[in-house]
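Here's the letter readout for the chains.
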Amino acid sequence: MAVATRLTWMQEKKLRKSFLGKQLSLLYKATVQNFSVHSLLPKCCDQEHILIVVYTKDHVIGAYIHEGFQQQREVPITIFVLRETGISEFTRELHIPSALFPTYYCGNTFHICLKQKTVTIPSGTTEKLGLPQCNAISIEECEVFRIVARNYKPYGDLVQQIRILLLGPTGAGKSSFVNSVKSIFQGHVTHQALVGSKPSGITKKYRIYSIKDGKDGNLLPLTLCDSMGLGEEGEGLCMGDIISILKGHVPDGYQFNSIKPIAPGHSDYINNPSLKDRIHYVAFVLDANSVEDLSPEMITKIKHVQRVVIKCGVLLMALLTNVDSLDLVTETDLSYIYQCMPVKSKVDAVHRKLGFALNDILVVSNYSSERELDSVRDVLILSVLRQIMWATDDYLKDLPCDDMEI
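Conventions and cut-offs
Residues numbered from 1 in each chain as written. Predicted model: local features only at pLDDT ≥ 70, side-chain atom pairs only at ≥ 80, totals over all residues. Heavy atoms only, no water. Helix = DSSP H or I, 4+ residues; strand = E, 2+ residues; numbered from the N terminus. Buried < 20%, exposed > 50% of the residue type's maximum accessible area, 1.4 Å probe, protein only. Contact = heavy atoms within 4.5 Å. Areas by Shrake-Rupley, 256 points an atom, 1.4 Å probe, with all protein chains shown as cover. Pairing = 2+ DSSP bridges. Axes fitted to C-alpha atoms, helices over the stretch in contact; angles between N-to-C directions. Core = buried A, V, L, I, M, F, W, Y, C linked by side-chain atoms within 4.5 Å. pLDDT = per-residue confidence, 0-100. Salt bridge = Lys/Arg side-chain N within 4 Å of Asp/Glu carboxyl O. Phe/Tyr/Trp six-rings, centres within 6.5 Å; stacked < 30°, edge-to-face > 60°. Lys NZ or Arg CZ within 6 Å of the ring centre and 35° of its normal.

Novice: Explain the overall build of the protein chain to me, please; I cannot follow it from the model alone.
Specialist: Helix and strand counts for the protein chain come out as 10 helices and 16 strands. Counting over 406 residues, the protein chain shows a buried share of 52%. Pairs at least 24 residues apart make up 64% of the contacts formed inside the protein chain by residues separated by at least 6 positions. Element-wise, carbon and sulfur atoms account for 50% of the exposed surface of the protein chain, whose accessible area totals about 19200 Å².

Novice: Explanation requested: the environment of Leu373 in the structure shown.
Specialist: Along the chain, the position of Leu373 falls in the loop between β16 (361-363) and α10 (375-397). Leu373 gets classed as partly exposed once you look at its relative accessible area, which sits at 28%. Not counting the four nearest positions on each side in its chain, Leu373 is found in contact with Ser183, Ile184, Gly187, His188, Val189, Tyr367 and Asp378.

Novice: How should I be thinking about the sheet that holds strand β14 (residues 281-287) in this particular structure?
Specialist: By definition, the strands of a sheet pair up through backbone hydrogen bonds, in either a parallel or an antiparallel sense. The six strands are arranged β12-β13-β11-β14-β15-β16 in an open sheet whose pairing can be described as mixed. The strands lining the two open edges of the sheet, one partner per strand, are β12 (207-212) and β16. Neighbour to neighbour, the strand axes of the sheet diverge by 30° on average, direction disregarded. Inspection of the sheet shows strand β11 (residues 162-167) paired to strand β13 (residues 219-226) by five bridges, in the parallel sense. In the strand pairing of β13, Arg163 is matched with Thr223. Its contacts with the sheet place helix α9 (residues 341-354) against β14, β15 (315-321) and β16, and it is angled at close to 145° to β16.

Novice: Whenever I open this one, the nonpolar core confuses me. Can you help?
Specialist: Burial of nonpolar side chains together is a common tendency in soluble globular proteins. Core analysis: the largest hydrophobic core is formed by 85 residues, its most contacted members being Phe177, Tyr206 and Leu320. Top contributing element to this core by residue count: α10, with 11 residues. Beyond its immediate stretch of four places on either side in the chain, Phe177 contacts Leu166, Leu224, Leu319, Val364, Asn366, Ile381, Val384 and Leu385. In terms of nonpolar packing, the next biggest core, distinct from the first, is built from 26 residues, Leu27, Tyr28, Ile65 and Ile137 among them.

Novice: Explain the confidence of the model for the protein chain here, please?
Specialist: Keep in mind that low pLDDT regions are not for reading the predicted coordinates in detail. With 81% of its residues at a pLDDT of 70 or more, the protein chain has an overall mean of 81. Under a pLDDT of 50 for its full length, residues 69-73 has, in the predicted model, 21 contacts with residues more than four places off or in other chains. Below pLDDT 50 for its whole length, residues 197-201 participates in four contacts with residues either more than four positions away or in separate chains.

Novice: Is there a simple way to explain the pattern of salt bridges in this structure?
Specialist: Where charged atoms of side chains with opposite charge meet at close range, the side chains can pair. Under the counting rule described, the total for this entry stands at eight salt bridges. Note that Glu143 and Lys29 form a salt bridge whose closest N and O atoms lie 2.6 Å from each other. Taken together, the residues Glu143 in strand β10 (residues 141-148) and Lys29 in strand β1 (residues 23-29) connect sequence positions 114 residues apart. The two residues Glu143 and Lys29 agree in class, both being buried. Across the pair Arg377 and Glu370 runs a salt bridge whose closest N-O atoms are separated by 3.2 Å.

Novice: Help me out: how do you make sense of unusual backbone geometry in this one?
Specialist: Residues other than glycine seldom take positive phi values, yet Asn34 does so here, at roughly 80°. With respect to the element layout, Asn34 can be found in the loop between α2 (30-33) and α3 (37-44). One non-glycine residue, Asn322, lies in the positive phi region at around 60°. Inspection of the secondary structure assignment puts Asn322 in the loop between β15 and α9.

Novice: Help me understand the packing of aromatic side chains in this model?
Specialist: Each aromatic ring pair is characterised by the separation of its centres together with the angle its planes make. Applying the stated rule across the entire model yields three aromatic pairs. Taken together, a centroid distance of 6.4 Å and an interplanar angle of 70° make the contact between Tyr206 and Phe256 edge-to-face. In this pair, Tyr206 sits in the loop between α6 (174-186) and β12 while Phe256 sits in the loop between α7 (239-247) and β14, placing the two residues 50 residues apart along the sequence. Measuring from ring centre to ring centre gives 5.7 Å for Tyr254 and Phe256, while their planes differ by 85°; the resulting arrangement is edge-to-face. Following the ring pairs from residue to residue traces out a cluster consisting of Tyr206, Tyr254 and Phe256. Sitting above the plane of the Phe35 ring, Lys117 keeps its charged end 4.6 Å from the centroid. Note that Arg207 overlies the ring of Tyr209, its terminal NZ or CZ placed 4.9 Å from the centroid.

Shown next, in the form of structure tokens:
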């Protein structure tokens, strides 16, 4: 059963409006996941913007950390009280002493002791917020939210949507990643992209998936392009089709032919693609369970594809899927996945065998048989999308003027 926030619909609406219309995604709920720092901290790892909400008998009080808690510098923090008439706020610059900052306190402004179930706010701050003077206020609930920005726009408005191409061996999890991203934004697990266990793979067509925000139905500024898997001995996606996809010559729904790539003169060939038709980033999807068992032929093919992508001027990364099914990895480990030794071993293997920089190797746990969304899985997937958006903006910034025609 999905964990629900204690915020009312109206309270959530007021918070979204106050924080520039951004979405709230619940990461932690004390009454469900224990009043414990050790339960809270993993949920907050690698978050850029955090919203902490505590519920007392008479008030809903919160703290919004504007720039993340892993920065060792002064950052703005807003303390607020939710009221029927609106939100009372008090903002100040605060030095963050350690990466544990939000799980314990917000400096001298907002101190939470989960073990004692209390929150302490200095008299000067309580006066500004119109709260009663009290050394420690008892709390009934503590919730922590991720602030999800919906206002990303590709650099310079050169395109309305960035195109992310998913490449990789057959069965690596490309279509599952598409479904996982769509599930997060639709608010429930979905399986639009076909997924199967055939050795030859399920995807035979080139598919361009737009993603809708389940809240308002608007399209997100990114699309995921699913392709046929790479095979061995002349099977799977051929190099000619990869080059055509990168350059924008291949339309949505094109039926792949492993023997004969698309070429000028084909009825589906896009002769004069614009920037919006081209690929802006490539995610090379690899199954963590089989990455160390790749054949010499597959390794050679992957390295060839890397050179082709780089020659086309497109940035790329490696995306390890199915890390949750590795031996000795548990659901709890997902919160610390990059510190998990079995995962570190797989990341190192990708680095050694395929030459990806360690910073360009990310991991995810796709939704497969799950029926409910999970915040930790969501964080891993959204972190990947965030890095892709940053990198794509760099790609768009570096485009020659002649390539910027939309």
